[in-house]
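Listed below, chain by chain, are the residues.
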Amino acid sequence: MQIIDGKKIAADIKVEICGEVEQLTATGRRRPQLVAIIVGEDGASQAYVAGKEKACGECGFKSQVLRFAESATEAELLAAIARLNADSEVDGFIVQLPLPQHISEQRVIEAIDPKKDVDGFHPVNVGRMTIGLPAYVSATPAGIKELLRRYSIATSGKRCAVLGRSNIVGRPLMNLLSQKGTPGDCTVTICHSRTRSIKEICRSADIIVAALGQPEFLTADMVASGAVVIDVGTTRVPAADAKSGFRLKGDVKFDEVAPKCSYITPVPGGVGPMTIVSLMKNTLKAYKKEVYG
Ligand code: GUN
């Protein structure tokens, strides 16, 4: 069994990005810039945005965080998005989700210029990705693909069970892994809360991606010997002995599942660091105008 070290791969990629940024800016050209919008005080969202800001610094990017109160209106948010769309020094920006109830996430996402939508959430990017056109691919699925690539994990013809049908992980990943290429060419089954025989589907899978947000959902009896297990879960559970007062729990019962696997990602230190680094890669692509020219 080999543990997939997402932290190490993410650190390697940040060095690669940083090197490229230094080359691109050596002649005095401005640095890539990522802006994050955050609304309200949700602890997990604050932590994600802080992580993104830190990664920008490590990659030599300029970054900015626009903070809005929980009570901010949709109109205020849309006005900020319009300003960022028009700002030629902003290569990409993200609106951290979830948003407060009174703001429509869909209207907000669709207000972002697809050329600056480095989260890859705009329907134009989702649609382009789905049919294999150049697009910003959402960061978690892109990070998972990168882990499979860097560990040279065979995917062609493999049966893959994706647990969870979210717009930002399960559904795009189902698409990407079924597309032609490496990694890709998988036969993908997507499972969700209404799926029957989820245990049997998992047991017959060569690769299982657990992205349901249910701590320790995947147990040893659901996993075939030699399977590859990718854990996307990051639920915060209270932990009196942790400095922060909580601990991140994955969707996989790691201690009992790991011994059965050929490869497995830990939580933390697996998919999480790759998500942030994929956002950095998308921002660099935006700066280089690689996707839309
Ligand atoms: N909330 C949870 N994950 C994400 C993400 O990747 N991007 C944004 N914008 N919000 C999120």
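Whatever comes next refers back to the structure up there.
Residues numbered from 1 in each chain as written. Predicted model: local features only at pLDDT ≥ 70, side-chain atom pairs only at ≥ 80, totals over all residues. Heavy atoms only, no water.

**Brief notes about the overall build of the chain**
Then, number 1: Counting its secondary structure elements, the chain contains ten helices and eleven strands.
Then, number 2: By the compact-globule yardstick of 19 Å for 293 residues, the chain fits well, its C-alpha radius of gyration being 19 Å.
Then, number 3: The principal-axis extent of the C-alpha atoms belonging to the chain is close to 55 × 40 × 35 Å.
Then, number 4: Counting the 293 residues in the chain, one finds 46% classified as buried.
Then, number 5: Relative to all contacts within the chain whose residues are 6 or more apart in sequence, the contacts with residues 24 or more apart total 71%.
Then, number 6: Side chains of the chain give 37 positive and 32 negative charges; the mean places of these two sets differ by 4 Å. (Helix = DSSP H or I, 4+ residues; strand = E, 2+ residues; numbered from the N terminus. Rg over C-alpha atoms; globule rule 2.2 N^0.38 Å. Buried < 20%, exposed > 50% of the residue type's maximum accessible area, 1.4 Å probe, protein only. Contact = heavy atoms within 4.5 Å. Lys, Arg positive; Asp, Glu negative; His and termini not counted. Charge placed at Lys NZ, Arg CZ, Asp CG, Glu CD.)

**Topic: the layout of surface pockets**
Then, number 1: When its volume is computed, the second largest pocket comes out at roughly 550 Å³.
Then, number 2: Lining the second largest pocket are 28 residues, with Val-137, Ala-142, Lys-281, Asn-282 and Lys-285 sitting closest to its centre.
Then, number 3: The set of elements that each furnish at least two residues to the lining of the second largest pocket consists of α1 (6-25), α5 (123-130), α6 (139-150) and α10 (271-287).
Then, number 4: Partitioned by chemical class, the residues of the lining of the second largest pocket number 13 nonpolar, five polar and ten charged. (1 Å grid on protein atoms, 1.4 Å probe; cavity = no way out; pocket = protein on both sides within 12 Å on 5 of 7 lines; lining within 4 Å. Points joined across faces, edges and corners; volume = space filled by probe spheres on them. Nonpolar A, V, L, I, M, F, W, Y, C, P; charged D, E, K, R; others polar.)

**Thoughts on the pattern of salt bridges**
Then, number 1: The full count for this structure, using the stated rule, is 16 salt bridges.
Then, number 2: Linking Glu-146 and Lys-281 is a salt bridge whose minimum nitrogen-to-oxygen distance equals 3.5 Å. Here the residue Glu-146 occupies a position in helix α6, and Lys-281 occupies one in helix α10, the gap between them amounting to 135 residues.
Then, number 3: On the accessibility criterion, Glu-146 (9% relative accessible area) is buried.
Then, number 4: Classification of Lys-281 by relative accessible area gives partly exposed; the value is 31%.
Then, number 5: Of the charged contacts, one joins Arg-159 and Asp-206 as a salt bridge, the two residues approaching to 3.9 Å between their closest N and O atoms. (Salt bridge = Lys/Arg side-chain N within 4 Å of Asp/Glu carboxyl O.)

**As for the packing of aromatic side chains**
Then, number 1: With the rule as written, the count across this model stands at two aromatic pairs.
Then, number 2: Ring centres 6.1 Å apart and planes at 50° place the aromatic pair Tyr-136 and Tyr-292 in the tilted group. Of the two residues, Tyr-136 sits in the loop between α5 and α6 while Tyr-292 sits in the segment after α10, which places them 156 residues apart along the sequence.
Then, number 3: Using a relative accessible area of 24% as the deciding quantity, one classes Tyr-292 as partly exposed. (Phe/Tyr/Trp six-rings, centres within 6.5 Å; stacked < 30°, edge-to-face > 60°.)

**Quick word on unusual backbone geometry**
Then, number 1: In this chain, Leu-97 is followed by Pro-98 through a cis amide linkage whose omega measures 0°.
Then, number 2: Mapping Pro-98 onto the fold places it in the loop between β4 (92-95) and α4 (105-111).
Then, number 3: Omega for the bond connecting Val-267 with Pro-268 falls within 30 degrees of zero, at 0°, which places this linkage in the cis form.
Then, number 4: Phi is positive for Asp-185, close to 55°, though the residue is something other than glycine.

**As for the nonpolar core**
Then, number 1: Membership of the largest hydrophobic core comes to 44 residues, with the highest contact counts inside it found for Ile-17, Phe-61, Ile-144, Val-209, Ile-230 and Met-280.
Then, number 2: Broken down by element, the residue count for this core peaks at eight residues, all from α10.
Then, number 3: Filtering out sequence-adjacent residues up to four positions away, Phe-61 remains in contact with Ile-17, Val-21, Pro-32, Cys-56, Met-280, Thr-283 and Leu-284.
Then, number 4: Ile-198, Cys-202, Ala-210 and Val-257 belong to the second largest nonpolar core, which has 18 residues in total. (Core = buried A, V, L, I, M, F, W, Y, C linked by side-chain atoms within 4.5 Å.)

**Describing the sheet that holds strand β8 (residues 227-231)**
Then, number 1: Reading across from one edge, β1-β11-β8-β7-β5-β6 is the order of the six strands in this open sheet, with parallel pairing throughout. In this open sheet, the two strands that pair with only one neighbour each are β1 (2-3) and β6 (187-191).
Then, number 2: Sheet analysis places strand β7 (residues 207-210) next to β8, joined by four bridges and oriented parallel. Note that in β8 the partner of Val-209 across the bridge is Ile-230. (Pairing = 2+ DSSP bridges.)

**A look at the site of the ligand**
Then, number 1: Surveying the vicinity of the ligand reveals the residues Lys-52, Val-95, Gln-96, Leu-97, Asp-119, Phe-121 and Ile-168.
Then, number 2: One of the backbone nitrogen or oxygen atoms of Val-95 is found 2.8 Å away from a nitrogen atom of the ligand.
Then, number 3: One of the backbone N or O atoms of Leu-97 is found 2.9 Å from a nitrogen atom in the ligand.
Then, number 4: Compared with its free state, where it exposes 280 Å², the ligand has 81% of that area covered by protein.
Then, number 5: Residue classes in the shell around the ligand are distributed as four nonpolar, one polar and two charged. (Near = heavy atom within 4 Å. Polar contact = N/O pair within 3.5 Å; in protein donor to acceptor, adjacent residues only side chain to side chain. Areas by Shrake-Rupley, 256 points an atom, 1.4 Å probe, with all protein chains shown as cover.)

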